[in-house]
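# Structural description and commentary
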Amino acid sequence: QVQLVESGGGLVQPGGSLRLSCAASGSISYINVMDWYRQAPGKQRELVAAITNSGSTNYVDSVKGRFTISRDNAKNTVYLQMSSLKPEDTAVYYCHSRLIRIGAFSWGDYWGQGTQVTVSS
């Protein structure tokens, strides 16, 4: 069994910062991509930032220069440092990972439970 547990969400004023964390645990053999999605009320879930096992990153245009994704492969953990937050960043943020479980021969996609980020004065 594999679990992704997120932490770090909350309420922050515009211009503020938050750091999200997501730790993957369980019978994991290899993690390829770890990424963050978000879903605002009435909108589709969108990919915010992604990072490969080798450290290559990708961001949606709306967060470039403000958000930084990083990971600690030894801890199977991915982070999202969010700065200069705007009200439009308000959403539920979900951690996702594509990985291979011990004893498996194909990739699996796993999701965290989501953490609320609210940017408001």
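Residues numbered from 1 in each chain as written. Predicted model: local features only at pLDDT ≥ 70, side-chain atom pairs only at ≥ 80, totals over all residues. Heavy atoms only, no water.

### Here we look at the pattern of salt bridges
Formally: Here, a salt bridge means any side-chain nitrogen of Lys or Arg that lies within 4 Å of a carboxyl oxygen of Asp or Glu. Helical segments are the DSSP runs of H or I of at least four residues, strand segments are the runs of E of at least two, and each set is numbered from the N terminus. We call a residue buried when its accessible area falls under 20% of the maximum for its residue type, exposed when it is over 50%, and partly exposed in between, using a 1.4 Å probe and counting protein chains only.
This structure, assessed with the given rule, holds five salt bridges. Notably, a salt bridge pairs arginine 38 with aspartate 89, separated by 3.0 Å at the nearest N-O pair. Here aspartate 89 lies in the loop between β8 (77-82) and β9 (91-101) and arginine 38 lies in strand β4 (residues 28-39), a separation of 51 residues in the sequence. The pair arginine 38 / aspartate 89 is uniform in exposure class, with both members buried. The partner of aspartate 61 in a salt bridge is lysine 64, and the shortest N-O contact between them spans 2.9 Å. Classification of aspartate 61 as exposed rests on a relative accessible area of 61%. Shared partners join several salt bridges into a network, and the residues in it are Arg38, Glu46, Arg66 and Asp89.

### Some points on unusual backbone geometry
Positive phi, normally seen in glycine, also occurs at asparagine 76, with a value near 50°. As for its position among the elements, asparagine 76 is in the loop between β7 (67-72) and β8. Note on asparagine 76: relative accessible area 23%, which makes it partly exposed. Positive phi outside glycine occurs at serine 84, with the angle close to 50°. Considering the arrangement of structural elements, one finds serine 84 in the loop between β8 and β9.

### Some remarks on the nonpolar core
This is how it is decided: To form a nonpolar core, buried Ala, Val, Leu, Ile, Met, Phe, Trp, Tyr and Cys residues must be joined to one another through side-chain atoms within 4.5 Å. The contact rule is simple, with two residues in contact once any of their heavy atoms fall within 4.5 Å.
Among the nonpolar cores identified, the biggest contains 29 residues, and Trp36, Phe67, Ile69, Val78, Leu80, Met82 and Tyr93 are the most heavily contacted of them. Sorting the residues of this core by element identifies β1 (2-7), β3 (18-26), β4, β5 (46-51), β7, β8, β9 and β11 (115-119) as the ones contributing at least two each. Ignoring any residue separated from it by four or fewer positions in sequence, one finds phenylalanine 67 in contact with Arg38, Val48, Tyr59, Leu80, Gln81, Met82, Ser83, Leu85, Asp89 and Tyr93.

### Structural notes on the environment of alanine 23
The residue alanine 23 is located in strand β3 in this model. Placed 73 residues apart in sequence, alanine 23 and histidine 96 show a C-alpha to C-alpha distance of 10 Å. Once residues within four sequence positions are removed from consideration, alanine 23 is found in contact with Gln3, Leu4, Val5, Asn76 and Thr77.

### Here's the deal with the side chain of aspartate 89
Put simply, the rule reads: Here a polar contact means two N or O atoms within 3.5 Å. Within protein one must be a hydrogen donor candidate and the other an acceptor candidate, and residues neighboring in sequence count only if both atoms are side-chain atoms.
For aspartate 89, a relative accessible area of 1% translates into the label buried. At 2.8 Å, the side chain of aspartate 89 forms a polar contact with the backbone nitrogen of lysine 86. Once you skip the residues sitting within four places of it in the chain, aspartate 89 turns out to touch Arg38, Arg66, Phe67, Ser84, Val117 and Val119.

### A short note on the packing of aromatic side chains
What counts, and what does not: Pairing of aromatic rings covers Phe, Tyr and the six-membered ring of Trp, with a centre-to-centre limit of 6.5 Å; geometry is then stacked below 30 degrees between planes, edge-to-face above 60, and tilted otherwise. Placement of a positive charge over a ring is assigned whenever Lys NZ or Arg CZ falls within 6 Å of the ring centre and within 35 degrees of the normal to the ring plane.
Under the definition given, this model contains two aromatic pairs. Ring plane angle 55° and centroid distance 6.0 Å describe the contact between tyrosine 30 and tryptophan 107, whose orientation is recorded as tilted. One end of the pair, tyrosine 30, is in strand β4; the other, tryptophan 107, is in the loop between β9 and β10 (108-111), and 77 residues separate them in sequence. For arginine 19, the ring lying beneath its charged end belongs to tyrosine 79, and the centroid distance is 4.1 Å. Here the guanidinium or amino end of arginine 45 rests over the ring plane of tryptophan 111, the centre of that ring lying 4.9 Å away.

Function cannot be read off these values alone, since they describe shape.
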